[in-house]
Amino acid sequence: MKKNVFFIFAMLAFSAGANAERVEGFPSEGNYYNFPFIYDDLNIPLGEIKALARHPVFDGYIGIANSYSEDAYIGFPVTAVTEIGEFEAKALKAYLDNPSDSQLSKILAIYCLNKSILKEPESGDSLKYAIYAQYFLERTINLGASPQAWVEFAYKRVDQALHKHSISEPVYQQELPSHNGFTNAFNYQEGQRIQVVDNLLADYSRHPGNALTSAYLTAANIWVGGEAGFSDPSILYSFVLSSYFSVRSVAMSETLEKLWLQDPDNYDRVRLAPILGGWTVPARRWLALLHGDSAAVETLDREHDQWFEHYPAFHAASIGLMYFNEPEHLMQGWNAWWTGFGHCIEVPTIRSCLDRPRFSFNNLSYFLGAVDYMIKLGELDMAAQFLTFNQNPAFGWSSWDYGRAAWDYRQANLQQIFALYQNDDPSDDPTNFLLKKHQWGPDTITCQYCHQAQSRVWPEEEINTVYLPDESVATLYEWPEITTSWFGASEADAGNCSEIASWSEQTVYNADMTVVWEGAKYTAKWWNINQKPGSPSFWDVWTFDSACYSGIH
């Protein structure tokens, strides 16, 4: 009997190891020593690999079933999707089903590290896998997994590599091919979206100091993730990338504005700076909700409010859409939406109120988003009145290809839609026209209804015209503080360097004193003077702690 039990356990162990061995790019007990990067560079012990190989994701993990079909709900095309490997997709789905599984976060961290800039030549692809790896390592640490030296060591390695890669003075360089590719895809050719992200990442890899590239990476990944398929696990990758670049775009844009205020002849403001809140908050909030971090969600909402106060016409939509399905925030979301209308009436030249090429803002989409609020709040007469606006020739009803069916449906079914909101089953509540449902996380903001040209035609000269923000919002002066880590966590404040002094060559430093230098935080190992942090030296007197994501001097 004992022999039979031993045989069964042995076969199970062999099966788990064999399944792990079939995963390309992931070490197993049988091929561990074929991965010197894993055992030598990262010091991940064989015992850890054997323990991880027993996870169900290596052996028949199915995932949480769902019966949702989105075909009837989406009126815009999605002809390009993020392609990932079979095991990678299965592991991401398993993690999204249970984002508190520290074993899965380790598995995905190792998988991504093996494709990152720590191992592969620097490129846009290896850069994004380093960012993914940092996210999963942070999750492992934040989940309070049993202390393992390799996790902390790998995190420091990838954080330092990403930081060294991005050290440069911020610049504002426009009209790069990757930038023009983004604006073209965002307005005309949605099928280019994945290639656009790859091109922007390659540009960032070559020129990490360009604030506009980081801003476009933030927006492009919000777009790709927000319109990902219902069961597409790459949504996580998109929001991780958007979150990573969000805090960088804000930090660089703030620095450039301060330089412009001091020396307007030699510096420029980032023209997209006033709208950055609507790009930089959503992905971090999505991650915070996925993680169940209510404290982070609360601080992000306060951060978003500051952006809204500066520029209501733009941030009304991002706030209103994120609050639409949250009963405790419903009225706040509606008030924000209505305030956006008021801002457009008060300052009719504000960019977000004008339907122009290069980030067009389709008025009908904003009206229909308001109609959904009105229906949910029981204001059916007001909703019916708004639904007559399609008769105004100025709004281009006949060229709004993607939204007409949804508009007509609401016009014919106001009472029935309202009844769904009023019954006792929240699962059948419609979502806002401008939101999209997903298997994981909250509903996400979509872009095409509002920003794709569809059948609209503009003169070539107008298409190529860059519209500057109205001077009433162009300069922020008092910038909203980044309230979370870049991956949307409230408890991790290592990236906030606002209270830490900059390094000075004339200051004497004792052990455990911290400084900021070139956008990173360092701690002194022992007494030193005039020993620059981050510089190769025999004594190596400073320890790299983390990159700074806010409060950069």
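Chemist: Where do I start with the nonpolar core in this structure?
Modeler: Nonpolar side chains in soluble globular proteins tend to end up buried together. Membership of the largest hydrophobic core comes to 106 residues, with the highest contact counts inside it found for Tyr 135, Phe 136, Phe 182 and Leu 236. For this core, the element with the most residues is helix H11 (residues 234-262), which contributes 12 residues. Apart from the residues within four sequence positions on either side, Tyr 135 is in contact with Tyr 95, Leu 236, Val 240, Leu 287, Leu 290, His 291, Trp 486 and Phe 487. Grouped together as the second largest cluster of nonpolar side chains are 44 residues, Val 281, Trp 337, Ala 383 and Ala 406 included.

Chemist: Any chance you could explain the side chain of Asp 470 here in plain terms?
Modeler: Topologically, Asp 470 is positioned in the loop between helix H22 (460-463) and helix H23 (471-474). At 9.7 Å, Arg 269 is the nearest oppositely charged side chain to Asp 470, a buried residue that forms no salt bridge. Look past the residues within four positions of Asp 470 in its chain and what remains in contact with it is Val 347, Thr 349 and Ile 350.

Chemist: Looking at this model, I keep getting lost on the packing of aromatic side chains. Mind explaining?
Modeler: Any two aromatic rings considered together are summarised by their centre-to-centre distance and by the angle between their planes. Enumeration according to the criterion identifies 44 aromatic pairs in this entry. Summarising the aromatic geometry, the rings of Phe 58 and Phe 87 are spaced 5.2 Å apart at their centres and angled 15° between planes, so their arrangement reads as stacked. Note that Phe 58 is positioned in the loop between helix H3 (46-52) and helix H4 (86-97) and Phe 87 in helix H4, a separation of 29 residues in sequence. Taking the relative accessible area as the measure of exposure, Phe 58 reaches 5% and is therefore buried. According to the relative accessible area criterion, Phe 87 is buried, its value standing at 13%. With 6.1 Å between their ring centres and 90° between their planes, Phe 367 and Phe 386 make a pair best called edge-to-face. Taken as a pair, Phe 367 in helix H17 (residues 363-376) and Phe 386 in helix H18 (residues 380-386) lie far apart in primary sequence, 19 residues in all.

Chemist: Explain the packing of helix H8 (residues 177-187) against helix H9 (residues 193-206) here, please?
Modeler: The relative placement of two packed helices is expressed as an angle between their axes plus a distance between the axes. Contact pair H8 / H9: the axes reach a minimum separation of 9 Å and the direction vectors enclose 160°. With respect to H9, the axis of H8 lies roughly antiparallel. At the point where H8 passes H9, the crossing takes the left-handed sense. Of the residues in H9, those touching H8 at Ser 178, His 179, Gly 181, Phe 182 and Ala 185 are Val 196, Asn 199, Leu 200 and Asp 203. A class-by-class count of the residues in the contact of H8 with H9 yields four nonpolar, four polar and one charged.

Chemist: I tried to follow empty space enclosed by the protein on my own but got confused; where do I start?
Modeler: One way to see where empty space is left: roll a probe the size of a water molecule over the atoms. Summed over the entire model, instances satisfying the criterion amount to one cavity of 30 Å³ or more. What the largest cavity holds in volume is close to 50 Å³. Considering the residues around the largest cavity, the lining is formed by Val 78, Ala 80, Val 81, Thr 82, Arg 193, Ile 194, Val 224, Glu 227, Ala 228, Asp 232 and Ser 234. Classifying every residue of the lining of the largest cavity by side-chain character gives six nonpolar, two polar and three charged.

Chemist: Is there a simple way to think about the confidence of the model for the chain in this case?
Modeler: For residues with low pLDDT, the predicted coordinates do not support detailed interpretation. Here the chain shows a mean pLDDT of 87. Residues at 70 or above account for 89%. Here residues 1-18 is modelled with pLDDT under 50, and outside its nearest four sequence neighbours on either side it reaches five contacts, counting other chains as well.

Chemist: Explanation requested: the environment of Lys 128 in the structure shown.
Modeler: Inspection of the secondary structure puts Lys 128 in helix H6 (residues 124-142). In this structure, the C-alpha to C-alpha distance between Lys 128 and Ala 202, residues 74 residues apart in sequence, is 9.8 Å. Beyond its immediate stretch of four places on either side in the chain, Lys 128 contacts Asp 198, Leu 201 and Leu 241. Within the local environment of Lys 128, its side chain forms a polar contact with the side chain of Asp 125, the two groups lying 3.3 Å apart.

Chemist: Any chance you could explain the state of the cysteines here in plain terms?
Modeler: Linking two cysteines covalently via their sulfur atoms produces the bond known as a disulfide. Across all of its chains, the model carries one disulfide by this definition. A disulfide bridge connects Cys 344 with Cys 353, and the sulfur atoms are separated by 1.9 Å. The S-S bond linking Cys 344 to Cys 353 shows a torsion near -80°; that makes this disulfide left-handed. For Cys 353, a relative accessible area of 13% gives the class buried. Take Cys 450: it sits in no disulfide, and the sulfur closest to it among the cysteines is that of Cys 447, at 8.3 Å.

Chemist: Would you mind showing me how to read the packing of H17 against helix H20 (residues 414-422) here?
Modeler: Packing of H17 against H20 brings their axes to within 9 Å, and their N-to-C directions diverge by 60°. The angle between the axes of H17 and H20 places the two elements in the oblique class. Contacts between H17 and H20 involve Asp 372, Ile 375 and Lys 376 from the first element and Leu 414, Ile 417, Phe 418, Tyr 421 and Gln 422 from the second. Taken together, the residues that form the contact of H17 with H20 break down as five nonpolar, one polar and two charged.

Chemist: I'm lost on the pattern of salt bridges in this one. Help?
Modeler: Side chains that differ in sign of charge can pair as their charged atoms come close. Inspection of the entire model under this criterion finds 19 salt bridges. Between Arg 285 and Asp 301 there is a salt bridge, with the nearest N and O atoms lying 2.7 Å from each other. Here the residue Arg 285 occupies a position in helix H13 (residues 282-291), and Asp 301 occupies one in helix H14 (residues 294-310), the gap between them amounting to 16 residues. Overall, the relative accessible area of 2% leaves Arg 285 in the buried class.

Chemist: Is there a simple way to think about H11 in this case?
Modeler: Each turn of an α-helix holds 3.6 residues, which means side chains three or four residues apart point in the same direction. In this model H11 runs 43 Å from its N-terminal to its C-terminal C-alpha over 29 residues, within 8% of the 42 Å that 1.5 Å per residue would give. Burial within H11 is extensive, with 23 of its 29 residues counted as buried.

Chemist: Help me understand H4, please; the structure alone is not making it clear to me.
Modeler: Compared with an ideal rise of 1.5 Å per residue, which puts 12 residues at 16 Å, H4 spans 17 Å between its outermost C-alpha atoms and is within 8% of the ideal. In the core, the buried residues of H4 are packed alongside helix H5 (102-113), H6, H11 and H13.

Chemist: What am I meant to see in unusual backbone geometry here?
Modeler: Backbone phi values are negative for most residues with the exception of glycine, while trans is the configuration of most peptide bonds. Phi at Asn 43 is positive, roughly 60°, even though this residue is not glycine. Relative to the helices and strands, Asn 43 is located in the loop between helix H2 (36-41) and H3. Judged by relative accessible area, which is 44%, Asn 43 ranks as partly exposed. Positive phi, close to 60°, is recorded for Glu 175, a residue that is not glycine. Judged by its relative accessible area of 38%, Glu 175 falls in the partly exposed class.

Chemist: What am I meant to see in a nonpolar patch on the surface here?
Modeler: Together, Val 508, Trp 527 and Ile 529 line one region of the surface with nonpolar side chains, adding up to about 280 Å² of accessible area. Here Val 508 is to be found in strand E3 (residues 508-509). Exposure remark for Val 508: the relative accessible area of 38% places this residue in the partly exposed category.

The rules behind the values
Residues numbered from 1 in each chain as written. Predicted model: local features only at pLDDT ≥ 70, side-chain atom pairs only at ≥ 80, totals over all residues. Heavy atoms only, no water. Core = buried A, V, L, I, M, F, W, Y, C linked by side-chain atoms within 4.5 Å. Buried < 20%, exposed > 50% of the residue type's maximum accessible area, 1.4 Å probe, protein only. Helix = DSSP H or I, 4+ residues; strand = E, 2+ residues; numbered from the N terminus. Contact = heavy atoms within 4.5 Å. Lys, Arg positive; Asp, Glu negative; His and termini not counted. Salt bridge = Lys/Arg side-chain N within 4 Å of Asp/Glu carboxyl O. Phe/Tyr/Trp six-rings, centres within 6.5 Å; stacked < 30°, edge-to-face > 60°. Axes fitted to C-alpha atoms, helices over the stretch in contact; angles between N-to-C directions. Parallel < 35°, antiparallel > 145°, perpendicular 65-115°, else oblique. Left-handed = near helix turned anticlockwise from the far one by under 90°. Nonpolar A, V, L, I, M, F, W, Y, C, P; charged D, E, K, R; others polar. 1 Å grid on protein atoms, 1.4 Å probe; cavity = no way out; pocket = protein on both sides within 12 Å on 5 of 7 lines; lining within 4 Å. Points joined across faces, edges and corners; volume = space filled by probe spheres on them. pLDDT = per-residue confidence, 0-100. Polar contact = N/O pair within 3.5 Å; in protein donor to acceptor, adjacent residues only side chain to side chain. Disulfide = S-S within 2.5 Å. Expected span 1.5 Å × (residues − 1). Patch = residues over 30% accessible without salt bridge, like charges linked within 9 Å, V, L, I, M, F, W, Y side chains within 5 Å. Areas by Shrake-Rupley, 256 points an atom, 1.4 Å probe, with all protein chains shown as cover.

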